Each structure stands twice: as C-alpha cells, then as structure tokens.
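# Commentary on secondary and tertiary structure
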Amino acid sequence: MRENVQGKSGLFPWLNENFEKIFMVTGLLAIILFITWQVIYRYIITQFIERAGAAVWTEELSRYIFIWISYLALSAAIRKRSSIRVDILYDRLPERLQNISWIIVESLFLVLTGVIAYFGWGQIERLLTFPQHTTALRIPFLVPYLVLPLGFGLMCLRLLQRIQGQVRVCGPLDSLLGFALAAAIISPWYLADYLEPLPVLFGYFALLCVIGVPIAISLGLATLATIICSQTLPIEYMAQVCFTSIDSFPIMAIPFFIAAGEYMGAGGLSKRLLDLADEIVGGLYGGIGLTAVVTCMFFGAISGSGPATVAAIGALTIPAMIERGYDRFFAAALVAAAGCVGVMIPPSNPFVVYGVSSQVSIGDLFMGGIVPGILTGLVLMLYCYFHARKHGWRGEQKERNWRTLGGAFWEAKWALVVPVIVLGGIYGGIMTPTEAAAVAAFYGLIVGVFLYREMDFKSVCASCVRSCETSSVIIVLMAMATLFGNIMTIEDVPGTIARWMLGITESRIIILLLINVLLLIVGVFMEALAAIVILTPILLPVVTGVGVSPLHFGIIMVVNLAIGFLTPPVGVNLFVASGVAQARIERIAVAVLPMIALLLAVLGIITYCPSVPLLLVR
C-alpha cells in the first residue's frame, strides 16, 4: 500500500495534479446553483411563501467562492503556462534563450506572488486582532481573506515547481544567467532611493511585456516597482486590492458566460447549429462558407468568446470546406474573421469587462453589440458569396425545403433559447447580467447532460476546469489593472492625456480617428481584454470631452479590438484557425486581408454613425 501511495499513480501525485481542480469544479458548480436559486427564489418561492424574505446570502457566498476559485484557477494555469502575454520577442529567440527567458519570467512572477502572499498574511493578522464579520452570513472576514496568503502561497509553490523543472532543462549555467538577469531587472528597487513614478510605472510595464511576462503580472510588477521606488502607496495596499477589486457581483458574469459556452459546446450544440445554418444558406454559392459565418453568429450568441467560436465552429466547417474544394487558407481566414462576431453579439466578455471598467450598463452594451455583430456577419457573407462564385465553389446539393428547415430548427431549439434567456432576462428587467449568465450556464449544463445527453461527469468536470482557467486569467488581469490604474489616477495620467489631445483639436471626427488608429495599433500587439482594462480609464475622458457617450465608445472599442484577433502577432483567431486547418499562419494572414478591410469599413460606420450601433438601445 505504501508503495502505491508513493508511486506515480499514488494519492500524493494525484493531489499534486488535481488539487486546484477539485475546488474549481465544486466551486463553479456551487455558485452557478446559488445564483440560479437566487433568481428562482425571487420569482417563484416568494410567490408561495409569505414573509419568505430575500436570499441575500447567495450573492455574498457566491462572491467569496468566486474569489477563491479565481486565484486557485490561476495557480492551475501556472502549471500550463496559459496566460495573456506578448510573444513578439520570445518567438524570435533561439530555443536556448527561450528556455532562459522562462527562468526570468517565472522568477519575476514569483516575486509578485510572494509579496502578495506575505502582505496577505498581514491582512489576516489584522483581522485576528480586530475581527470583522460579513453582512449576510456573519462569518469572520478572515475566512474569505485567507485566499490571499493561501492562494498566492500556492501560486508560489507552483512557480517553484515550474522553475525547478526549467532549471533541469536549462542546466546550471543558463539557469544562473536567468536568475542574474531577473535580479538585474529588479535591482533599481533596492539600489535607488527615489525615482519618478510615471517613468517607473510605464518603463517597467513596457520592459516586462517585451520580455514575455504575462500582461497581468507585468501590470502588478510595474505597480509594485512604482510603490517601492516612488512611495506612492503603502505596499500593503496591493494585497488588499487583490481582494476588493474582484469582490464584485458584475465581474462574476465572466466565468458564467464562459461556462455556458463550454457546456453548450461540449454538449453537442455546435453540430446542431451548423445543421440549422446549412439549411438556411447552405445551398448558395459558397454554401458551407456562408454556413460557417451564420453558425459563428449563432455560437457567438452563447459563448461570448472569439477564439472559442473559431475552435468550436472551425473544427467542423474548415475540414468540410477543404474537402469540397475550397482554398485551405481562405477557409481558415473566413472562420477566423467570422469568429470576431463572437465578441460583438451578446453575451460578450469584452463588453462585460468594459462595462465594469467604465460603469456603463452591461445590458445596454449587449444590445449595442447586436447590430455591429449582424453587420459584420453580413459583409463577410457577401464577400464569401462573391469570392466563391468567382471560383465556382457551390454549396452541397441536397434537398432543402420548409420541412427540413423546420427539422433542423427543432433539433437546435434548446440552443436557440440561450440568447432569449440572456437578452430577455437582462433587457426585460428580470435578471441582472450576472444572474442571466448564471442561469444560462445552469441551462447549458442541463441541456448538455439531460437533453442532448452528450456530456458525462468527466466532460462536465473538464468544462468547469477550462472555464475557471480561462476566466481566472481575465479576473487577475482586472485586479492588477486596478492597481495600475490607481497609480495612474494619483498621477493624473488620464486627465493629462485628455487635456493634451483636446489641446491639439476639439474635432470629434479627428479625435475618434486618432483613437481608432491607436486602438488598431494596440490590437496588433495586445490582447483585447488587456487593452480594455488598461486604456478605458485613459481614453474615456477624451471621448466624453468631445461629446461621445461612454456606451457608444464601448461599442467602438470592442469592435476595433476585435479586429486585433486577426492581426499577428497576437491574432488569437488566426492561431486557432491555423491549428484547425493545419496551415501556415502567414498564408492565412494574407487571405484575411480583404476581410479586415471590410471590418474596417464596418468600424467606420459604427464610429461615425452612432445611430447604427445604438439602434436597439432604448
């Protein structure tokens, strides 16, 4: 028995591999059930039980579980090195230097997590000395706050494991070089008495991004460097903000929407939506290509993610297009471009992030994304039709009539209910965006397990883990961006930039043109969610200064940055499509250029004709 425990298949190796996953699966399922119960309680239970009161405990408990699983999921993501980062320099380095760079990156990451774990324990000591209790459940505050020393302490452990493994890869000499370079990067922290805050803040952020440190960690380390070198804030503040910045009910919509897409995708949704789209447009020139675009629009109304849309729909449609004679690179480019619709048509994770960052109604942002999403889908369909007609690519010839359309619609009926739940619930005033997201996730789970019957216990667990890992990267990015943004606010960076730009010109047309160009450039090098949390507080005062509403600007920003999904080196849609199609990304990038031009035309309409994106916003 002892040998089995110590062996590879023993208990300890299993726990080492799955410790975080246990909490991620149970925690995510718990908060989905709690928030769904909150909605059911409010509208059903209270109708039958007098003086039932309000189920306020569900929201409070869900928020604290959400914070715990977000940081535990980041610990799991560390093992896979899954993060949002800039790989421009890394991709051009020889293998030896790439290996050394991981020593540098993970050593710097360890510094940040170690600092937060240490000062997080300081928060616990204060709460032990001066006990406080939560409002609804009356539990000691130190219970949720324990995530700071324990969660970030676990991250330290995982980073040490990664570094240990990397040392074996690099060897002693290269490992020492990596540690020395990491120490050199942070040497100004303990060598300089005082440095000006803004050069430190932006200089460190740029340097860390260039060398491949994840963007969220670059934000946190740049803030830490500024606090140490410029004494702008107490260093204990970092640990506190890591908790308070994500102790937010609206932010919880992000993991719920991601989970809804995961459940529905794993539960057989993609195939049924594809069959429905094929019945609608499959018989035309470019039929399977048109079908891919329409299916991406359907799937985008569930997943809220561009790369997820490309992966789910591309896996089915790209091989089908290639089999029917379509150019491989055109097929991959078309699905990659159509995947951009996934972040425009609600639900949309970028809209949630922008709404939280700018305090704009997420429901209004969702409604504002519908017309741009449909418009983008239509221009891509027109391009596909005429391009396919030019090359003689016809749709599959089979019987299509009202009966077959009705049959496909009936098969896809459960999937088509999701947008009704989300938009109807939010815009009908029945549910908040977070509640609608939780109900959509719960519904997706029921459909996948009991109605479509294509999910078992193992696939449910895998979907929960993927949802938590994906959302944790976004959540931690928002937490670190809050720290970074607070320094910028103290130094009046947004106000200075707004005054500078408005000093150049007060023309709304020129200001919007300059901002669009800036966003397009940023989108080439930075992932959309990172760009939103960093640039929103900077650019929002500028656009409001020329009379652009925060709602309209949010739509402009998301549509603009969605184009960045198609532009290397951070064009994630291109990378996903390249993997599915087994095609070189450079060739796909050339094939997608005409589609980018069409998306820029749509962006121009959305920017300068606000009545178009705001058509459905009451």
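Residues numbered from 1 in each chain as written. Predicted model: local features only at pLDDT ≥ 70, side-chain atom pairs only at ≥ 80, totals over all residues. Heavy atoms only, no water.

## What to know about unusual backbone geometry
Note the cut-off: Each residue is assigned to one of three classes by its accessible area relative to the maximum for its type, calculated with a 1.4 Å probe on protein chains only: buried under 20%, partly exposed between the two thresholds, exposed over 50%. Working definition: helices are DSSP H or I runs of at least four residues, strands are E runs of at least two. Numbering for both runs from the N terminus.
Put simply, Pro 346 and Pro 347 share a cis peptide bond, and its omega is 0°. Despite not being glycine, Gln 359 shows a phi value in the positive range, around 60°. On the accessibility criterion, Gln 359 (70% relative accessible area) is exposed. In this structure, Asp 492 takes a positive phi of about 60° despite not being glycine. Following the sequence through the fold, Asp 492 ends up in the loop between α21 (457-490) and α22 (493-504). For Asp 492, a relative accessible area of 33% gives the class partly exposed.

## Looking at the packing of helix α14 (residues 306-323) against helix α26 (residues 572-581)
When two helices pack together, their arrangement is given by the angle between the helix axes and by the axis-to-axis distance. The condition is simple: Axis lines are fitted to C-alpha atoms, over the contacting stretch for helices. Their N-to-C directions set the angle, which ranges from 0 to 180 degrees. Angle categories are assigned with fixed cut-offs, so that under 35 degrees is roughly parallel, over 145 is roughly antiparallel, 65 to 115 is roughly perpendicular, and the rest are oblique. Should the near helix be turned anticlockwise from the far one by less than a right angle, the crossing is left-handed, and should it be turned clockwise, the crossing is right-handed. By definition in these notes, contact holds between two residues if any of their heavy atoms fall within 4.5 Å.
One can describe the packing of α14 onto α26 by two numbers: an axis separation of 9 Å at closest approach and a directional angle of 25°. When the axis of α14 is compared with that of α26, the two are roughly parallel. Between α14 and α26 lies a crossing whose hand is right-handed. Touching Gly 306, Pro 307, Val 310, Ala 311, Gly 314, Ala 315 and Ile 318 of α14 are Val 572, Asn 573, Val 576, Ala 577, Val 580 and Ala 581, all from α26.

## Topic: the domain arrangement of the protein
The following threshold applies: Segmentation of the chain into domains, including their bounds, is taken from an automatic or database domain assignment. Joining two parts hides part of their accessible area as seen by a 1.4 Å probe, and the buried area is that hidden amount summed over both. The term salt bridge refers to a pairing of a side-chain nitrogen on Lys or Arg with a carboxyl oxygen on Asp or Glu at a separation within 4 Å.
Domain assignment breaks the protein into domain 1 (11-247) and domain 2 (252-455 + 492-608). Each of domain 1 and domain 2 has a C-alpha centre, and the two are 29 Å apart. Across the boundary between the two partners, domain 1 contributes 22 residues, which contact 22 residues of domain 2. Taking both partners together, domain 1 and domain 2 bury about 1,800 Å²; carbon and sulfur atoms supply 84% of that area. Put simply, Arg 42 and Glu 435 hold a salt bridge, and the shortest N to O gap is 2.8 Å. Contributions of two or more residues to the side of domain 1 that touches domain 2 are made by α2 (11-48), α3 (56-80), α8 (197-210) and α9 (215-230). Looking at the side of domain 1 that touches domain 2 element by element, the count peaks at 11 residues for α2.

## Quick notes on the pattern of salt bridges
Applying the stated criterion across every chain, the model contains 12 salt bridges. One salt bridge in this structure joins Arg 158 and Glu 20, with 2.7 Å as the shortest N-O distance. With a gap of 138 residues between them, Arg 158 in helix α6 (residues 147-170) and Glu 20 in helix α2 connect regions that are remote in the sequence. Between Arg 96 and Asp 174 there is a salt bridge; the shortest N-O distance is 2.7 Å. Here Arg 96, found in helix α4 (residues 95-129), pairs with Asp 174, found in helix α7 (residues 172-191); they are 78 residues apart in sequence, far enough to count as distant.

## Quick look at the packing of aromatic side chains
What counts here: Note on aromatic contacts: the rings of Phe and Tyr and the six-membered ring of Trp form a pair at centre separations within 6.5 Å, being stacked when their planes are under 30 degrees apart, edge-to-face when over 60 apart, and tilted otherwise. Over a ring means this: the NZ of a Lys or the CZ of an Arg is within 6 Å of the ring centre and within 35 degrees of the ring normal.
Summed over the entire model, instances satisfying the criterion amount to 18 aromatic pairs. When the ring of Tyr 354 is compared with that of Phe 553, the centres are 6.4 Å apart and the planes differ by 65°; the resulting orientation is edge-to-face. Pair noted here: Tyr 354 is in helix α16 (residues 349-358) and Phe 553 is in helix α25 (residues 550-563), with a separation of 199 residues, a long-range link. Residue classification places Tyr 354 among the buried positions, given a relative accessible area of 0%. Since its relative accessible area comes to 0%, Phe 553 is described here as buried. In textbook terms, an aromatic cluster arises when at least three aromatic residues are bridged by ring pairs, as seen for Tyr 64, Phe 141, Tyr 145 and Phe 243. The ring of Tyr 452 is capped by Arg 272, whose NZ or CZ atom sits 3.9 Å from the centre of that ring.

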